[in-house]
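What the coordinates show
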Amino acid sequence: MSPSTSDASTPTFDKPLKLPLSQEELDRINAYLRDLTPEQILTWAVEHIPGLYQTTAFGLTGLVAIDMLSKITENPPPLIFIDTLYHFPETYELVEEVKKRYNRDVHVYKPEGCETVEDFEKKFGQKFWEADETTYDYVVKVEPARRAYEELGVKAVITGRRASQGADRANLQPLEVDSTGLLKLNPLFSWTFPFVQWYVDTNKVPRNKLLDQGYRSVGDWHSTAKSADGDQGERAGRWAGKAEKTECGLHVDYFKMKAAAEAKVRSASDSRLPRKTLGEQAKESAPAASTAPAVQTSA
């Protein structure tokens, strides 16, 4: 739509936005949102973005957004939790605490065809993240998320990403569009960790108990370690020893991950290897140097 204003400085936008957005309209939206507070960004999003949900692993930034939304609207965007089956017990406890505190339902999605760790390991083998971490990320996070988006009619998601987390997030914008056309709203994109911590403490927001035990960022139990002395990175302890890995898969190119993972799934059903799991095949085909345990992977 052509730019229009309700007064000399405040732009107006379609309610709801007409999707897909043109690059010109996306740029115009970001120019407006960039100067707003997280609460103002969320208020704008609730009023303008269709099919809006919040995907969360219940990290601090996501929890801040949940708390803010509870004060903005009586009908906040529904929550989606991707249960990899390998979260810490403390994370599952936090999910229940949030549901009770905010009177919220949570849509839970797990790896396809798997309700338990036993189901998953029967299908993919034990420690699949060591054998093929890219395919692991796809089957435990990316595929369940895409299934959730399709089944629930999700057009946009609220994320907990912030520019100060660095790496691929350093140039984060308030609103982005991924390769599938999904809108990603990053309401706290400009906040640093001290701001997040201040909000959590001031508003008594529920938090993962592991954060009081030396962890700075919490993901799957096998990919999360206590931060080392002197390590002040916001995501310290995640994928330790893997400087090239900064994302779990939800925020990388979906189509590339999908193609690679489906190729592995097809090979698993090859009649020549009827009894081998994907993990066993990956270990057999990998170079010798890559067979040592690599225990850090998914967010």
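Our subject is the structure listed above.
Numbering of residues starts from 1 in each chain and follows the order in which that chain's sequence is written. Predicted model: local features are reported for residues with pLDDT of at least 70 only, side-chain atom pairs are reported and counted for 80 or more only, and whole-chain, interface and lining totals are derived from all residues. Hydrogens and water are ignored here; the side-chain numbers use all heavy atoms of the structure.

1. Quick word on the environment of Gly51
Along the chain, the position of Gly51 falls in the loop between α2 (38-48) and β1 (52-55). A relative accessible area of 28% means that Gly51 is categorised as partly exposed. By definition, any uninterrupted DSSP run of H or I lasting at least four residues is a helix, any uninterrupted run of E lasting at least two residues is a strand, and each is numbered from the N terminus. Burial classes follow relative accessibility: with a 1.4 Å probe on protein chains only, a residue under 20% of its type's maximum area counts as buried, one over 50% as exposed, and anything between as partly exposed.

2. Digging into the nonpolar core
In plain words, nonpolar cores are sets of buried Ala, Val, Leu, Ile, Met, Phe, Trp, Tyr and Cys residues tied together by side-chain atoms within 4.5 Å. Membership of the largest hydrophobic core comes to 42 residues, with the highest contact counts inside it found for Ile49, Phe58, Leu175 and Leu185. Going through the elements one at a time, α1 (23-33), α2, α3 (60-72), β2 (79-82), α4 (89-102), β4 (156-158), β6 (183-185) and α8 (193-202) are the ones with two or more residues in this core. The biggest single contributor to this core is α3, with seven residues. Each residue touching Ile49, except ones within four places of it in the same chain, is listed here: Leu17, Trp44, Ala156, Leu175, Leu183 and Leu185. By definition, residues are in contact when any of their heavy atoms lie within 4.5 Å.

3. Quick notes on the packing of α3 against α4
Between α3 and α4, the shortest axis-to-axis distance is 11 Å and the interhelical angle comes to 10 degrees. By the criterion of interaxial angle, the relationship of α3 to α4 is roughly parallel. Touching Leu63, Ile66, Asp67 and Ser70 of α3 are Leu94, Val98, Arg101 and Tyr102, all from α4. Looking at the contact of α3 with α4 residue by residue, the class counts come to five nonpolar, one polar and two charged. Where helices are involved, their axes are fitted lines through C-alpha atoms of the stretch in contact, as for all axes, and angles between N-to-C directions lie from 0 to 180°. Should an angle lie under 35 degrees it is considered roughly parallel, over 145 roughly antiparallel, and from 65 to 115 roughly perpendicular; all remaining angles are considered oblique. Note on residue classes: Ala, Val, Leu, Ile, Met, Phe, Trp, Tyr, Cys and Pro are nonpolar, Asp, Glu, Lys and Arg are charged, and everything else, Gly too, is polar.

4. Brief notes about the pattern of salt bridges
Any carboxyl oxygen of Asp or Glu that lies within 4 Å of a side-chain nitrogen of Lys or Arg is treated as forming a salt bridge with it. Within the structure shown, the criterion is met by nine salt bridges. Here Glu115 and Lys110 are joined by a salt bridge, their closest N and O atoms 3.2 Å apart. For the salt bridge of Arg207 with Asp212, the shortest nitrogen-to-oxygen distance reads 3.0 Å. Of the residues examined, Arg207 reaches a relative accessible area of 21% and is grouped as partly exposed.

5. Focus: the environment of Asn208
Summarising the element assignment, Asn208 is placed in the loop between α8 and α9 (254-268). Each C-alpha atom, one on Asn208 and one on Phe88, is 9.8 Å from the other, the two residues being 120 residues apart in sequence. Look past the residues within four positions of Asn208 in its chain and what remains in contact with it is Glu90, Thr91, Leu94 and Val218. A distance of 3.1 Å separates the side chain of Asn208 from the side chain of Thr91, its partner in a polar contact. Polar contacts, as used here, are pairs of N or O atoms within 3.5 Å; protein pairs need one atom able to donate a hydrogen and one able to accept it. Residues neighboring in sequence count only if both atoms are side-chain atoms. One polar contact links the side chain of Asn208 to the main-chain amide nitrogen of Leu210, over a distance of 3.0 Å.

6. Structural notes on the packing of α3 against α8
Close contact between α3 and α8 brings their axes to 10 Å; oriented N to C, the two are set at 50 degrees. Taken as axis vectors, α3 and α8 run oblique relative to one another. As for the relative orientation of α3 and α8, their crossing is left-handed in sense. For the pair α3 and α8, the contacting residues are Leu60, Thr61, Val64, Asp67, Met68 and Lys71 in the first and Phe193, Val196, Gln197, Tyr199 and Val200 in the second. Should the near helix be turned counterclockwise from the far one by less than a right angle, the crossing is left-handed, whereas a clockwise turn marks it as right-handed.

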